[in-house]
Amino acid sequence: MLEFRLPDLGEGLTEAELVSWAVSVGDTVELNQTIAEVETAKAQVVLPCPFSGVVTELLATPGDTVAVGAPLIRVRSDRGTATPPAPSERRSVLVGYGPDEESTARRTRKRTNPDVPVHNSPDITQQLPAPAYPDRPSATPGARALARELGINLAFVAGSGPGGAVTVEDVRHAVPVSQPVHRVRPEEEALPNAPRPSMPTVPTMRPDGGVIRPTPSTGETRVPVTGVRKRTAAAMLTSARTIPQASAFVTTDFTASMELLDHLRTTDSFTGLSLTPLALVAKATLVAMAEFPDVNSFWDEENREIVTKHFVHLGIAVATERGLLVPNVKDAHTLSLRELCREIGWLADIARGGSATPADLRGGTFTISNVGIFGVDAGVPLVNPGEGAILCLGSIRKQPWVYRDELAVRWVTTLGLSFDHRMIDGELGARFLATVASLLEDPLTLLGRI
């Protein structure tokens, strides 16, 4: 009997939440066949089986938090009793794995390492296990888990994925909006004519795919705290409890920056790129940080030390269907405005697309949150644990402004800075923020500091 334990997922992660199983007891699995999907450090990871055989036992339930090294599944093999190498003896090859410990270089858009499969590879759904029963529909792990939660019999859902596999979107489109549904047991998936008793309430879905079940007797809704929301809550609780935070604000004339962006968009260097104010704000922030390096620090409580980083992994807060993700641009201080623009756009795309890896989401040293895209003038974001400050960019809009002693209509925005007051004094925070605002008010001065 072979036992597959949750392997080391890299990046110092110690646990993962089981999202869904792609196999059931009695299924035959092949080498490297997808058996489960887990979520950790805000990234979803697909687990391939390191051996072949027949599944005899599933040792965890979707929603369980599993520690690294804990058993997940038992398989009876007809090919001997050899066991797979221990996690520490093999290289991480799971989808969504971060780089090896010795590799900390910034990832580029094009991936050239054939040993690390891309999370959104079209071949992933083709690695799903063959149906254990002739009538059992083919479906992705996420679709199968969601169907169980919603009480959808997959035998009645038309699949649009590779080979006719049912996808998450197919399940969502199959949810009845006015008819009650019931929870389908796993064995019912193979029975197209199984009876479907009704229930008094209809579950609905959140954008991240989770299930919301109304409680008619109390008029309230209870949503399980899992996945991204669970990890975001833990990080924000740590921030609020352990970091004494202060904030500063400055309102600045952004007109010259808007004019510069308009000009740059017409040049060949930025053809095909989405040049946004966020990229220019990020560049100004990095330039100001070179003048005030102590802002790029964090408080090491265990060793009672202030640690100043001599590199900047710039976190960009991204709102996704699964919740808030903060991928970071590795070595952002070394990038030109064009490179920074490309990297920010790419990270936002993979975060929204669900293919950001733990390596993309960990190791940030400073973060920018752009609440302005939601029409908000300013905000007071919480400092991410392990960092010393976070910059908030408000909306950029035309407002009355005194320009050269005359009232004029100008592009105006508000910048906010939240910082760890244990190591960043009010003077340092204010001077850093004022420098960023000054660079944006006269962006040509950036040329003398790059």
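Draft legend 1. Structural context of the nonpolar core. With 59 residues, the main nonpolar core has Leu314, Phe366 and Phe432 as its most contacted residues. Examining the composition of this core, we find that ten residues originate from one element, helix α5 (residues 277-291), more than from any other. Core analysis: the next-biggest nonpolar cluster, separate from the first, contains 22 residues, Leu18, Val29, Phe51 and Ala60 among them.

Draft legend 2. The arrangement of the environment of Asp442 in detail. With respect to the secondary-structure elements, Asp442 resides in the segment after α8 (426-441). Residue class for Asp442 comes out partly exposed when judged on its relative accessible area of 38%. Residues Asp442 and Leu260, spaced 182 residues apart in sequence, show a C-alpha to C-alpha distance of 9.8 Å.

Draft legend 3. Highlighting the pairing of strand β6 (residues 53-58). As judged from the two bridges shared by strand β3 (residues 28-29) and β6, these two strands associate in the antiparallel manner. The partner of Thr28 across the bridge, within β6, is Val54. Where β6 lies against strand β8 (residues 71-76), four bridges are found, and the strand directions are antiparallel. Among the inter-strand pairings, Val54 is bridged to a residue of β8, identified as Arg76.

Draft legend 4. Examining the side chain of Ser418 more closely. As for its placement among the helices and strands, Ser418 is situated in strand β22 (residues 406-420). At 3.3 Å, the side chain of Ser418 and the side chain of Ser247 are in polar contact. If near-sequence neighbours (up to four positions away) are discounted, Ser418 is found in contact with Gln245, Ala246, Ser247, Val380, Pro381, Val383, Gly388, Ala389 and Ile390.

Draft legend 5. Region of interest: the pairing of strand β21 (residues 397-403). By the bridge criterion, seven bridges tie β21 to β22 in an arrangement that is antiparallel. Across the sheet, Lys398 pairs through a bridge with Trp411, a residue of β22. Linking two consecutive strands that pair antiparallel, namely β21 and β22, is a turn of two residues; a positive phi of about 55 degrees is found at Arg404 within it.

Draft legend 6. Structural detail: the pattern of salt bridges. Within this structure, the stated rule accounts for 13 salt bridges. In this structure, the salt-bridge partner of Arg265 is Asp262, at a minimum N-O distance of 2.8 Å. Residue Arg265 and its partner Asp262 are both found in helix α4 (residues 255-265); the two are separated by three residues, about one turn of the helix. The salt bridge partner of Arg304 is Glu301, with a shortest N-O separation of 2.5 Å. Taking the relative accessible area as the measure of exposure, Glu301 reaches 43% and is therefore partly exposed.

Draft legend 7. Structural context of the sheet that holds β3. Strand order in the open sheet formed by four strands is β1-β8-β6-β3, with antiparallel pairing between adjacent strands. Of all strands in the sheet, those with a lone pairing partner are β1 (2-5) and β3, marking the two edges.

Draft legend 8. Inspection of helix α3 (residues 227-242) at higher detail. Compared with an ideal rise of 1.5 Å per residue, which puts 16 residues at 22 Å, α3 spans 23 Å between its outermost C-alpha atoms and is within 8% of the ideal. For α3, the complete set of buried residues consists of Gly227, Val228, Arg231, Thr232 and Ser239. Summarising the axial view, the buried residues of α3 lie within an arc of 125 degrees, below the 170-degree limit, and thus occupy one face. Away from the buried face of α3 by more than 90 degrees, exposed residues Ala240 and Arg241 are located. Contacts from the buried residues of α3 go to β2 (15-21), β4 (34-40), β12 (245-253) and β17 (323-325).

Draft legend 9. Up close: helix α6 (residues 337-353). If you check α6, its first and last C-alpha atoms are 24 Å apart, about what 17 residues at 1.5 Å a residue would give, namely 24 Å. Of all the positions in α6, only Leu337, Leu340, Cys341, Glu343, Ile344, Trp346, Leu347, Ala348, Ile350 and Ala351 are classed as buried. Positioned one or two residues after α6, Gly354 has a phi angle of 80 degrees, which is positive.

Draft legend 10. Fine view of the sheet that holds β4. A sheet is described by the order of its strands in space; here four strands give the open sequence β5-β4-β2-β7, paired in antiparallel fashion. On the outer flanks of this sheet lie β5 (43-48) and β7 (65-67), each paired with one strand and no other. For this sheet the average axis-to-axis angle between neighbouring strands, irrespective of direction, equals 40 degrees. Note that β2 and β7 share three bridges and pair antiparallel. In the strand pairing of β7, Ala16 is matched with Val66.

Draft legend 11. Here's a closer look at the packing of aromatic side chains. The full count for this structure, using the stated rule, is two aromatic pairs. A ring pair is formed by Phe292 and Phe432, whose centres lie 6.5 Å apart and whose planes are at 90 degrees; its orientation type is edge-to-face. Highlighted residues: Phe292 in the loop between α5 and β13 (297-300) and Phe432 in helix α8, separated in sequence by 140 residues. On the basis of relative accessible area, Phe292 is assigned to the buried category, the value being 8%. With centroids separated by 6.0 Å and ring planes inclined at 70 degrees, the aromatic side chains of Phe366 and Phe432 adopt a geometry described as edge-to-face. Remark: Phe432 occurs in helix α8 and Phe366 occurs in strand β19 (residues 366-370); sequence separation between them is 66 residues. Joined through ring pairs, the aromatic side chains of Phe292, Phe366 and Phe432 make up one cluster. Above the face of the Tyr403 ring, Arg410 is positioned so that its terminal group lies 3.6 Å from the ring centre.

What counts and how
Residues numbered from 1 in each chain as written. Predicted model: local features only at pLDDT ≥ 70, side-chain atom pairs only at ≥ 80, totals over all residues. Heavy atoms only, no water. Core = buried A, V, L, I, M, F, W, Y, C linked by side-chain atoms within 4.5 Å. Buried < 20%, exposed > 50% of the residue type's maximum accessible area, 1.4 Å probe, protein only. Helix = DSSP H or I, 4+ residues; strand = E, 2+ residues; numbered from the N terminus. Pairing = 2+ DSSP bridges. Polar contact = N/O pair within 3.5 Å; in protein donor to acceptor, adjacent residues only side chain to side chain. Contact = heavy atoms within 4.5 Å. Salt bridge = Lys/Arg side-chain N within 4 Å of Asp/Glu carboxyl O. Expected span 1.5 Å × (residues − 1). Arc of directions from axis to C-beta. Axes fitted to C-alpha atoms, helices over the stretch in contact; angles between N-to-C directions. Phe/Tyr/Trp six-rings, centres within 6.5 Å; stacked < 30°, edge-to-face > 60°. Lys NZ or Arg CZ within 6 Å of the ring centre and 35° of its normal.

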